[in-house]
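Here are the chains, one letter per residue:
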Amino acid sequence: MVSRKFQHSVLERFLRYVRIDTQSDPASKTTPSTEKQKDLGRVLAQELRDLGIKDAHLDDYGYVYGTVPANTDKRVPVICFCSHMDTSPDCSGKDVKPQVVRSYQGGDIVLPGDNSQVIRFEEHPALAKQIGNDIVTTDGTTLLGADDKAGIAEIMDAVKILVENLGIKHGTIKILFTPDEEIGRGVDKVDLKKLGADYAYTLDGESAGHLEDESFSADAATIRITGVSAHPGFAKGKIEHAIKIAARIVERLPKDMTPETTEGREGFLHPIRIEGALEEATLEYIVRDFTEGGLKEKEALLERTVRDVIKDFPRSTYRIAFREQYRNMKVVLDKHPKIIENALEAIRRAGLAPVLASIRGGTDGSRLSFMGLPCPNIFAGEHAFHSRLEWVSVADMEAAVRTIVNLAQIWEERA
Ligand SMILES: [Zn+2]
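Residues numbered from 1 in each chain as written. Predicted model: local features only at pLDDT ≥ 70, side-chain atom pairs only at ≥ 80, totals over all residues. Heavy atoms only, no water.

**Notes on the environment of leucine 48**
Using the following cut-off: Only DSSP runs of H or I reaching four residues or more are called helices, and only runs of E reaching two or more are called strands; each is numbered from the N terminus. Any two residues having at least one pair of non-hydrogen atoms within 4.5 Å are treated as being in contact.
Among the secondary structure elements, leucine 48 is positioned in helix 2 (residues 37-50). Considering only alpha carbons, one finds leucine 48 and threonine 142, 94 residues apart in sequence, at a separation of 28 Å. With residues near it in sequence (within four places) discarded, leucine 48 still touches Ile53, Ala56, Val64, Met156, Val159, Ile175 and Phe177.

Here it is, written out as structure tokens:
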């Protein structure tokens, strides 16, 4: 099938959305974690209403909901397209100044606001596929926020196309924009009943053509160590130092099971926080694997290591607690093969070779899948996210828009 030519609004939308600061904050207790995320939410809800999406609204928690009504008599499953509005707390998202590199001709891209920031051709192999394409970057002083405003702009453009091209038949389409994905709380306050979707797709992936049906399974571990304190001047044979016990645990864990030494389908144990004094220390780990078995093995290894280290400190004690964070969505998606089949076909019809991949992380979709809304992740075109070198290709964003439109149509065709 020949891919259609649409009048796209995705670039213009993207440039508008990235200028709105929506950085989330893990230290905040509120939802959304930062009130400014609603600045974008309000714009999106209004733009949706302007497109004729009558029920579009921003709720108190910072979620945007909307419905593109069906234009077919067939009974089609209700499909939701979802992206997150917040940007990573790891890098500033304030006063983003996007620039468009027209018809990229290869080579390094020096960012104009800070010449020390260079998107190097050899460090970004994905650039090789972008010769002749328009590329959006920042000026080098902030992140871009293509993660995930590319996804948002793509969904918005697809909505516009569906609304304006009544010849494209589709069932009921739901739109969902979430806050706080980057801090792991993107679906905490989502109202799935109100949303009323059967299946969903997040648009939050990297390379064009990629579809991710697998995420990590993730737990967090907290280890509390109680040592023995004494005055350091009179401490010989007395002190059992909690900080030193914690340090020994970190040191003793295998070096080939860390984020910096693993890739592909390998999991890891990763310390994310350490806090302590002489008598008490707390270590926080995250545990990641693609299988439940692998996750449990790593947790057993962590606990065994703690126990072994503590043996050398007979008067010290430890407590260890594990907390589930999210699970590999493939377990859920495998029960609904059409979700993936239809998405692969939609990508093909967009003129791309589909690639089924796994995410070394989680998305809103991992959690949505286990909350009863099966949800793989489609590419949005974002690259080098969470950094000042972030970039996105306009051609990739347009391909994502076509993928969304195709998907809406394929679900109707096959209903
Ligand atoms: Zn994202």
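Having seen the structure, we can now continue with the description.
**Section: the pattern of salt bridges**
Put simply, the test is: Counted as salt bridges are all cases of a side-chain nitrogen of Lys or Arg within 4 Å of a carboxyl oxygen of Asp or Glu. Partly exposed describes any residue whose relative accessible area lies between the buried limit of under 20% and the exposed limit of over 50%, with all areas from a 1.4 Å probe on protein chains only and scaled to the type maximum.
Inspection of every chain in the model, using the stated rule, returns 31 salt bridges. Across the pair glutamate 35 and lysine 38 runs a salt bridge whose closest N-O atoms are separated by 3.4 Å. Close ionic contact of arginine 315 with glutamate 240 constitutes a salt bridge, the shortest N to O distance being 3.6 Å. Of this pair, arginine 315 sits in the loop between helix 6 (292-311) and strand 14 (317-326) while glutamate 240 sits in the loop between strand 11 (217-226) and helix 5 (242-252); the two residues are 75 residues apart in sequence, bridging distant segments of the chain. Accessibility expressed as a relative area gives 47% for arginine 315, which makes it partly exposed. Linked by salt bridges that have partners in common, Asp219, Glu292, Lys296, Glu299, Glu324 and Arg327 make up one network.

**Things to note about the nonpolar core**
Let me state the cut-off plainly: Buried Ala, Val, Leu, Ile, Met, Phe, Trp, Tyr and Cys residues form a nonpolar core when they are joined through side-chain atoms within 4.5 Å.
Judged by nonpolar contacts, the single largest core of 66 residues is most densely connected at Phe14, Leu48, Phe81, Phe177 and Tyr201. Top contributing element to this core by residue count: helix 10 (residues 394-413), with 11 residues. Beyond its immediate chain neighbours, meaning those up to four positions away, tyrosine 201 contacts Ile79, Cys80, Phe81, Cys82, Ile339, Asn342, Ala343, Cys375, Pro376, Ile378, Leu407 and Trp411. Membership of the second largest hydrophobic core comes to 20 residues, among which are Tyr285, Val287, Leu301 and Phe313.

**Let's talk about the coordination of the zinc ion**
Quick note on the threshold: Coordinating N, O and S atoms are those within 2.8 Å of the metal (3.2 Å for Na, K and Ca), and as water is not part of the atoms, a site may appear to have fewer donors than expected. The geometry test gives tetrahedral to four donors whose angles all lie between 85 and 135 degrees, gives square planar to four donors and octahedral to six donors whose opposite members are over 155 degrees apart with all other angles between 65 and 115, and gives irregular to the rest.
In the first shell of the zinc ion, the protein supplies His84 (NE2), Asp147 (OD), Asp204 (OD) and Asp204 (OD), at 1.9 to 2.5 Å from the metal. Angles of 54 to 142° at the metal separate the 4 donor atoms of the zinc ion, which places the site in the irregular class. Here the donor residues of the zinc ion are spaced in sequence according to H-x62-D-x56-D. Here histidine 84, found in strand 3 (residues 79-84), pairs with aspartate 204, found in strand 9 (residues 199-205); they are 120 residues apart in sequence, far enough to count as distant.

**Things to note about the packing of aromatic side chains**
Selection rule: Stacked, tilted and edge-to-face are the three classes assigned to paired rings of Phe, Tyr and Trp, where Trp is represented by its six-membered ring and a pair needs centres within 6.5 Å; plane angles under 30 degrees give stacked, over 60 edge-to-face, the rest tilted. Lysine NZ or arginine CZ positioned within 6 Å of the ring centre and within 35 degrees of the ring normal marks a charge as sitting over the ring.
Under the criterion given, the structure shown has 5 aromatic pairs. Ring plane angle 20° and centroid distance 5.9 Å describe the contact between phenylalanine 81 and tyrosine 201, whose orientation is recorded as stacked. Taken together, the residues phenylalanine 81 in strand 3 and tyrosine 201 in strand 9 connect sequence positions 120 residues apart. Of the two residues examined, phenylalanine 81 and tyrosine 201, each falls in the buried class. Between phenylalanine 216 and phenylalanine 268, the aromatic rings sit 5.5 Å apart at their centres with planes inclined by 90°, giving edge-to-face as the arrangement. Within this pair, whereas phenylalanine 216 is found in the loop between strand 10 (210-214) and strand 11, its partner phenylalanine 268 is found in strand 12 (residues 268-276), the two being separated by 52 residues in sequence. Comparing phenylalanine 216 with phenylalanine 268 shows no difference in burial state: the two are buried. Grouping aromatic residues by their ring pairs yields a cluster made of Phe216, Phe268 and Phe290. Residue placement shows lysine 194 over the ring face of tyrosine 65; its charged tip is 3.9 Å from the ring centre.

**A look at the sheet that holds strand 4 (residues 99-101)**
Note the cut-off: In this analysis, strands are considered paired if DSSP registers two or more bridges between them. Axis definition: a line fitted to C-alpha atoms, over the contacting stretch in the case of helices. Angles run 0 to 180 degrees between N-to-C directions.
With respect to topology, 4 strands assemble into an open sheet ordered 4-7-18-17, the strand pairing being antiparallel. A single partner strand is all that each edge strand has here, and the edge strands are strand 4 and strand 17 (382-383). The pairing of strand 4 with strand 7 (residues 135-137) spans 3 bridges and is classified as antiparallel. When the bridges of strand 7 are listed, valine 100 appears paired with valine 136. Packed onto the sheet, helix 1 (residues 10-18) meets strand 4, strand 7 and strand 18 (391-393) and runs at close to 5° relative to strand 7. Where helix 10 meets the sheet, it contacts strand 7, strand 17 and strand 18, and its direction lies at approximately 60° from that of strand 18.

**Examining helix 10**
Heads up, the rule is: Here a helix's expected span is defined as the number of its residues, less one, multiplied by 1.5 Å. We define a polar contact as two N or O atoms separated by no more than 3.5 Å, with the added condition that, inside protein, one atom must be a possible hydrogen donor and the other a possible acceptor, whereas residues neighbouring each other in sequence contribute only through side-chain atom pairs.
For helix 10, built from 20 residues, the straight-helix expectation of 28 Å at 1.5 Å per residue is met to within 8% by its first-to-last C-alpha distance of 28 Å. Counting buried positions along helix 10 yields 17 of 20 residues, so the element is predominantly enclosed. Backbone nitrogen of alanine 395 and a side-chain oxygen of the N-cap are separated by 3.2 Å at the start of helix 10; the cap is serine 393.

**Description of the state of the cysteines**
Using the following cut-off: Any cysteine sulfur atom paired with another within 2.5 Å is treated as part of a disulfide.
All told, the structure shown has 0 disulfides when counted by the stated rule. Of all cysteine sulfurs, the one in cysteine 82 lies closest to cysteine 80, which takes part in no disulfide; the gap is 5.6 Å.

**Overview of the packing of helix 1 against helix 2**
Put simply, the rule reads: Should an angle lie under 35 degrees it is considered roughly parallel, over 145 roughly antiparallel, and from 65 to 115 roughly perpendicular; all remaining angles are considered oblique. Note on convention: near helix rotated counterclockwise from far helix by under a right angle means a left-handed crossing. Clockwise means right-handed.
Relative to each other, helix 1 and helix 2 sit at 150°, their axes nearing to 10 Å. With respect to their mutual orientation, helix 1 and helix 2 come out roughly antiparallel. Between helix 1 and helix 2 the crossing geometry is right-handed. Contacts from Arg13, Arg16 and Tyr17 of helix 1 reach helix 2 at Leu40, Val43, Leu44 and Glu47.

**Here we look at the sheet that holds strand 12**
Within a sheet, adjacent strands bond to each other through the backbone by hydrogen bonds, running parallel or antiparallel. Strand order in the open sheet formed by 4 strands is 12-13-11-14, with antiparallel pairing between adjacent strands. Strands at the two margins of the open sheet, each flanked by one partner only, are strand 12 and strand 14. For this sheet, the mean inter-axis angle between neighbouring strands, taken without regard to orientation, is 20°. Sheet analysis places strand 11 next to strand 13 (residues 280-289), joined by 10 bridges and oriented antiparallel. Bridging from a neighbouring strand, alanine 220 pairs with isoleucine 286 of strand 13.

Honestly, it's all geometry; don't read function into it.
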